[in-house]
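Commentary on secondary and tertiary structure
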Amino acid sequence: MFAQRKWCTRVLKFALSPFVAVTLLDSMSALADLGWEAYPNEGWEEISVMDERNTPMRTYQVCNVMEANQNNWLRTRHISREGAQRVYIEIKFTLRDCNSLPGVPGTCKETFNMYYYESNNANVWFIKESQYVKIDTIAADESFTQVDVGDRVMKLNTEVRDISNLSKKGFYLAFQDLGACIALVSVRVFYKKCPLTVLNLAQFPDTITGGDTALVEVHGMCVNSSEEFEAPKMYCSADGGWLVPIGRCVCKPGFEENKDASFSPPPFFQKKFFSNCLVLLKVYFPLPSGPPSAPENPISTVNETCVTLEWSPPRDTGGRGDVTYSLHCRKCSGDGKKCTPCGGSIHFVPRQFGLSSANVLITDLQPDSNYSFTIESQSGVSDLSPTPRGSVVINVTTSQTVSVVLKERRSKDSVTLAWHGPERPNGAIVEYEVIYYEKNQRDQNYTVLKTRSNMMTVDGLKPGTTYVFRVRARTDGGYGSYGGEIELETSHEDILAIGDPNQSTILVVSIAGGIVLLIFLVTCFVVSGRHCGYIKAKQDPDEEKMQFQHGRVKLPGSRTYIHPHTYEDPNQAVRDFAKEIDASNIRIERVIGAGEFGEVCSGRLRVQGKREIYVAIKSLKAGYSDKQRRDFLSEASIMGQFDHPNIIRLEGVVTKCKPVMIITEFMENGSLDTFLKKHDGQFTVIQLVGMLRGIASGMKYLSDMSYVHRDLAARNILVNSNLVCKVSDFGLSRVLEDDPEAAYTTRGGKIPIRWTAPEAIAYRKFTSASDVWSYGIVMWEVVSYGERPYWEMSNQDVIKAIDEGYRLPAPMDCPVVLHQLMLDCWEKGRSDRPKFGQIVTILDKLIRNPASLRELANSSVGEDPPTPEFSVSTVDDWLETIKMGQYKENFSSAGYVSLDSILYISVSELTKMGVTLAGHQKKILSSVQSLQTQGTHVHV
Ligand code: AMP
């Protein structure tokens, strides 16, 4: 039932496209008696009333409020489902407020129940109560309007529910009254279809939406005179909208698209997706057309062992709009005379054949090698043409490593080194990059220096410390690979090491030429090592210095995360960053979850001099290996380095006795995804933005510390009792082994595809910018209350769709600004995505100005009518305005005396103060939300 309910709301949340509704029953269109069964006799009554246009309407009414023990049933006739697995029931009704009926006893009700019974038999004469399946209890939003038929004033409630997974020929609906005063004005039963659509030259038939599975995969048929290029398919979503087109057809030889045809894309697709692939069912004219000419102006940009190729489209497309490109790679000898096919060790991103855009990234080339790439253009008629395909060849040399010939001068805080440039550079040398780091700390902290000269003095180093240096050249063709590692230890004291063979190191790292050139360096230049960021070094105007930690430029004053792997003894990392807790101070109370290494329990920790605190206790199950123990404790050594209100706090570890445990603060509401699903639709938009702000703030802290999370997802966020969200899950093995969402990629390695940025999937480029992409997905999860990103699509389809420009549509009730922020996080170019700091600023602004959240990205079927704007200044006025004046007393005695105090009220608080009717709660909360978004209209 939960899944059904979830879909009941979710379905509506994505009702974005113009679905087709097929009516199965409409009581309003009945000309004669509806002929529904009512029992007992003195219960529901069929009554004809006139609507405002004086047209007779058939309604069913019951109002036995004066007598207790009511149980009145009304059953429709058999409703055939016509093949639909999910049907929607829209009911319009009025309901009287018990308080408005003088002298009624306490048994008076303000709700009724709706049921269904599936059957192949259209003539069932009796259905037992116990055979019915309950759909929902229905409460009214506008219950308390006096129904005055005489004046034609009739305020109707409209509610929509759905039933899914229907399998028999049809069903009966039933309404159970337990003592309310109801007029059932109309009942409409319908199902939804995704309408016949033609897209990318493929026709997708009218498709009935699925049952409980979210999406129906539909294969398209190529329209007349076209043929499959890549099998076309789309998904028909549960709300009758088409999602995620993949593949396409192309015109057969001799035919061309009719460019005059127009088609307006469904609103859920991003514009850019459609900009050049928009087609509709077209009229095809046999046209003389030929294969395209060759692509033009190819250029290459080398980055170590990767190369990006870009080119211009053929000058002559042969009169066709379906030009694609394919690449062929050959590896050539030094003199370029002998070339052989590259084989399968290199990779093309997004693909090698059938590229629609004029660029490609090629990875995994060998350094210092020559390659020849042939870029071929083709179209639907290429195979039929006797002329060879148009192609252009581009030769690329992956840059050589730099030969470093070093007679270094070392002092206690500086090292000078010199090198010899590559013998056969693949272009004019623009500059050299020197990267250095403390031995074994490459992952945390490294510095990149740039210079146009062939030597450099690096200073600001620690005395008696071993550093690793590497140099690479940048030519106008791109970056070369780094030369070999040179390890140098700074002296303990300031001793010059010139010319002393025992103290100086003569290193020859020459991969290309092996020419040794000794360069004596006498001058010791001073470079300020304390500077951070991108600064000019003092000794050489051409030299620039950038300090990185974990791949990022270090911000002045920020602390840097230290990777536990940099410790030779991982236990030392645990000792450095986690406090040892005496096991006798811990009281385990109950199991709350299962972790990768064992159970997660809640319990209490007695901290000396403080009161007991609630904690979560993760323990390492018995029989673990050394590696498992190390990996388990690595989470503590990482977490222990962080100190931020939106990062889960480490209390300490137990390592001196068994079981080994990690103790963290306790987060009462558990993981965010489960929490949201449990409280579907219950938060105000400001509360959701507040949660998102917290997560962004935690992530800003992590990115400032140069920590890249790699697995940011709602399941890895924990929520406490105050709705504060904290980032968690920091173990070293977590993405690889722990996350059930992680899937193996073609390049090996496990990645949670739906949450991961394309560059991280394609070539493992994990950065804070890829964390920002994941953050966008978390935003979507939060606003859709824990919906699964990309629903039931396969990982492969997700990758494909993202590559083709598809982005998740706005969830229902999602403010435009939030969806825009999600889209910004999902920019293809990672430098185009916002930084976490900017995200925090944007969310702060939204929270300060709730009116900006008012414009919703979409509106949906069955939505409540918008609450009218109003201007109120007291809680009492407000309650009166929304016709909830009867709760004035409850609000004031619960301490809600000013309007701002009610802005964050929750369902549970309403229940606590005695507002227990679901319809009233809903009405109050939707008005609170409207107050929040009105901002300036409220006089607080
Ligand atoms: P983990 O191994 O960190 O993924 O934890 C497994 C599950 O235990 C989570 O999904 C949570 O439901 C629960 N859990 C972990 N840590 C905490 C905590 N600090 N407070 C409350 N629940 C937690």
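Residues numbered from 1 in each chain as written. Predicted model: local features only at pLDDT ≥ 70, side-chain atom pairs only at ≥ 80, totals over all residues. Heavy atoms only, no water.

- If you check an unreviewed UniProt entry, the protein appears there as receptor protein-tyrosine kinase from Nothobranchius furzeri.
- Recorded in UniProt for the protein, the comment headed Catalytic activity (unreviewed entry) runs: "L-tyrosyl-[protein] + ATP = O-phospho-L-tyrosyl-[protein] + ADP + H(+)".
- Among the UniProt annotations of the protein, the heading Subcellular location (unreviewed entry) holds the following wording: "Cell membrane". (UniProt positions renumbered as here; feature names shortened; annotations may be inferred.)

**Notes on the overall build of the protein**
- Broken down by element type, the protein carries 16 helices and 51 strands.
- Burial statistics for the protein: of 940 residues in total, 52% are counted as buried.
- For the protein, the exposed area adds up to about 41400 Å²; of that, 51% sits on carbon and sulfur atoms. (Helix = DSSP H or I, 4+ residues; strand = E, 2+ residues; numbered from the N terminus. Buried < 20%, exposed > 50% of the residue type's maximum accessible area, 1.4 Å probe, protein only. Areas by Shrake-Rupley, 256 points an atom, 1.4 Å probe, with all protein chains shown as cover.)

**Looking at the packing of helix 6 (residues 685–704) against helix 12 (residues 836–848)**
- Contact geometry for helix 6 and helix 12: axes closest at 8 Å, N-to-C directions at 155 degrees. Taken together, the axis directions place helix 6 and helix 12 in an arrangement best described as roughly antiparallel. In this structure, the crossing between helix 6 and helix 12 has a hand that is left-handed. Seen from helix 6, the contacting residues are Ile686, Val689, Gly690, Leu692, Arg693, Ala696, Ser697, Met699, Lys700 and Ser703; seen from helix 12, they are Phe836, Gly837, Ile839, Val840, Leu843, Asp844 and Ile847.
- Considered class by class, the residues forming the contact of helix 6 with helix 12 number ten nonpolar, four polar and three charged. (Axes fitted to C-alpha atoms, helices over the stretch in contact; angles between N-to-C directions. Parallel < 35°, antiparallel > 145°, perpendicular 65-115°, else oblique. Left-handed = near helix turned anticlockwise from the far one by under 90°. Contact = heavy atoms within 4.5 Å. Nonpolar A, V, L, I, M, F, W, Y, C, P; charged D, E, K, R; others polar.)

**With respect to the packing of aromatic side chains**
- Summed over all chains, the structure comprises 27 aromatic pairs.
- Seen from their ring centres, Tyr561 and Phe642 are 6.2 Å apart, and the 35 degrees between their planes marks the pair as tilted. Of this pair, Tyr561 sits in the loop between strand 42 (552–553) and helix 3 (570–577) while Phe642 sits in the loop between helix 4 (626–639) and strand 46 (650–654); the two residues are 81 residues apart in sequence, bridging distant segments of the chain. Here Tyr561 and Phe642 have matching classes, each one buried.
- Judged by centre distance (6.2 Å) and plane angle (85 degrees), the ring pair of Phe642 and Tyr701 falls under edge-to-face. Placement of the pair is Phe642 in the loop between helix 4 and strand 46 and Tyr701 in helix 6, with a sequence separation of 59 residues.
- A connected cluster of aromatic rings, assembled from ring pairs, spans Tyr561, Phe642, Tyr701, Tyr707 and Phe730.
- When the ring centre of Tyr172 is taken as origin, the NZ or CZ atom of Arg75, which lies over that ring, is 4.7 Å away. (Phe/Tyr/Trp six-rings, centres within 6.5 Å; stacked < 30°, edge-to-face > 60°. Lys NZ or Arg CZ within 6 Å of the ring centre and 35° of its normal.)

**So, the pattern of salt bridges**
- In total, this model carries 30 salt bridges according to the counting rule given.
- Linking Asp206 and Lys193 is a salt bridge whose minimum nitrogen-to-oxygen distance equals 3.1 Å. Separated by 13 residues along the polypeptide, Asp206 in the loop between strand 14 (202–204) and strand 15 (207–208) and Lys193 in strand 12 (residues 181–194) bring together distant segments of the chain.
- Accessibility expressed as a relative area gives 17% for Lys193, which makes it buried. (Salt bridge = Lys/Arg side-chain N within 4 Å of Asp/Glu carboxyl O.)

**Comments concerning the site of the ligand**
- What surrounds the ligand is a group of 13 residues, the closest being Ala616, Lys618, Thr664, Glu665 and Met667.
- Between the ligand and Thr664 there is a distance of 3.2 Å, counted from a nitrogen atom to a side-chain nitrogen or oxygen.
- One nitrogen or oxygen atom from the main chain of Met667 is found 2.9 Å from a nitrogen atom belonging to the ligand.
- Counting residues per element, the ones that place at least two in the shell around the ligand are strand 43 (586–594), strand 45 (613–619) and strand 47 (661–665).
- When residues of the shell around the ligand are assigned to their parent elements, the largest contribution, three residues, is made by strand 43.
- Residues of the shell around the ligand, tallied by class, amount to eight nonpolar, three polar and two charged. (Near = heavy atom within 4 Å. Polar contact = N/O pair within 3.5 Å; in protein donor to acceptor, adjacent residues only side chain to side chain.)

**Remarks on the state of the cysteines**
- Tallying each qualifying case throughout the model produces six disulfides.
- Disulfide pairing places Cys329 opposite Cys342 at an S-S distance of 1.9 Å. The disulfide joining Cys329 to Cys342 has a torsion of about -65 degrees about its S-S bond and is therefore left-handed. Of this pair, Cys329 sits in strand 24 (residues 324–332) while Cys342 sits in the loop between strand 25 (339–341) and strand 26 (347–349), and the two are 13 residues apart along the sequence. Taken individually, Cys329 and Cys342 each receive the classification buried, so the pair is uniform in this respect.
- Taken N- to C-terminal, the disulfide-bonded cysteines of the protein are connected 1-4, 2-3, 5-7, 6-8, 9-12, 10-11. (Disulfide = S-S within 2.5 Å.)

**A short note on the side chain of Ser27**
- With respect to the element layout, Ser27 can be found in the loop between strand 1 (20–26) and strand 2 (37–39).
- For Ser27, a relative accessible area of 3% corresponds to the buried category.
- There is a polar contact of 2.8 Å between the side chain of Ser27 and the backbone nitrogen of Val187.
- Ignoring sequence-local partners within four residues, the contact set of Ser27 consists of Leu34, Trp36, Val185, Ser186 and Val187.

**Side note on the sheet that holds strand 16 (residues 215–219)**
- Here three strands make up an open sheet; going across it, the order is 16-18-19 and the pairing antiparallel. This sheet does not close on itself; its edge strands, each paired only once, are strand 16 and strand 19 (242–251). Averaged over all pairs of adjacent strands, the angle between strand axes in this sheet comes to 15 degrees, irrespective of strand direction.
- In this structure, strand 16 lies alongside strand 18 (residues 226–237), joined through five bridges in antiparallel fashion. (Pairing = 2+ DSSP bridges.)

**Description of the pairing of strand 23 (residues 306–312)**
- Covered by surrounding structure in strand 23 are Val307, Leu309 and Trp311 only, the residues Cys306, Thr308, Glu310 and Ser312 on the alternate face being uncovered.
- Sheet topology note: the strand 22 (residues 296–303)/strand 23 ladder contains six bridges and is antiparallel. In the sheet register, Glu296 faces strand 23, and the bridge partner there is Ser312.
- Between strand 22 and strand 23, which pair antiparallel and follow one another directly, the connecting turn spans two residues, one of which, Glu304, has a positive phi of 50 degrees.
- Where strand 23 and strand 27 (residues 359–363) come together, four bridges link them in antiparallel fashion. The residue of strand 27 that forms the bridge with Glu310 is Asn359.

**Let's talk about the environment of Trp755**
- In this structure, Trp755 sits in the loop between strand 51 (750–751) and helix 8 (758–763).
- Using a relative accessible area of 3% as the deciding quantity, one classes Trp755 as buried.

**A word on the pairing of strand 8 (residues 111–119)**
- Within strand 8, eight of the nine residues are buried, which leaves the element mostly enclosed by the surrounding structure.
- As paired strands, strand 8 and strand 9 (residues 133–139) are joined by six bridges and run antiparallel to one another. Directly across from Tyr115, in strand 9, lies its bridge partner Lys134.
- Of the pairings in the sheet, the one linking strand 8 to strand 11 (residues 170–177) comprises seven bridges and is antiparallel in character.

**Comments concerning the sheet that holds strand 13 (residues 197–199)**
- An order of 13-14-17 is seen for the three strands of this open sheet, with the pairing classed as antiparallel. Both edges of this open sheet fall to strand 13 and strand 17 (221–222), since each of them pairs with a single strand only.

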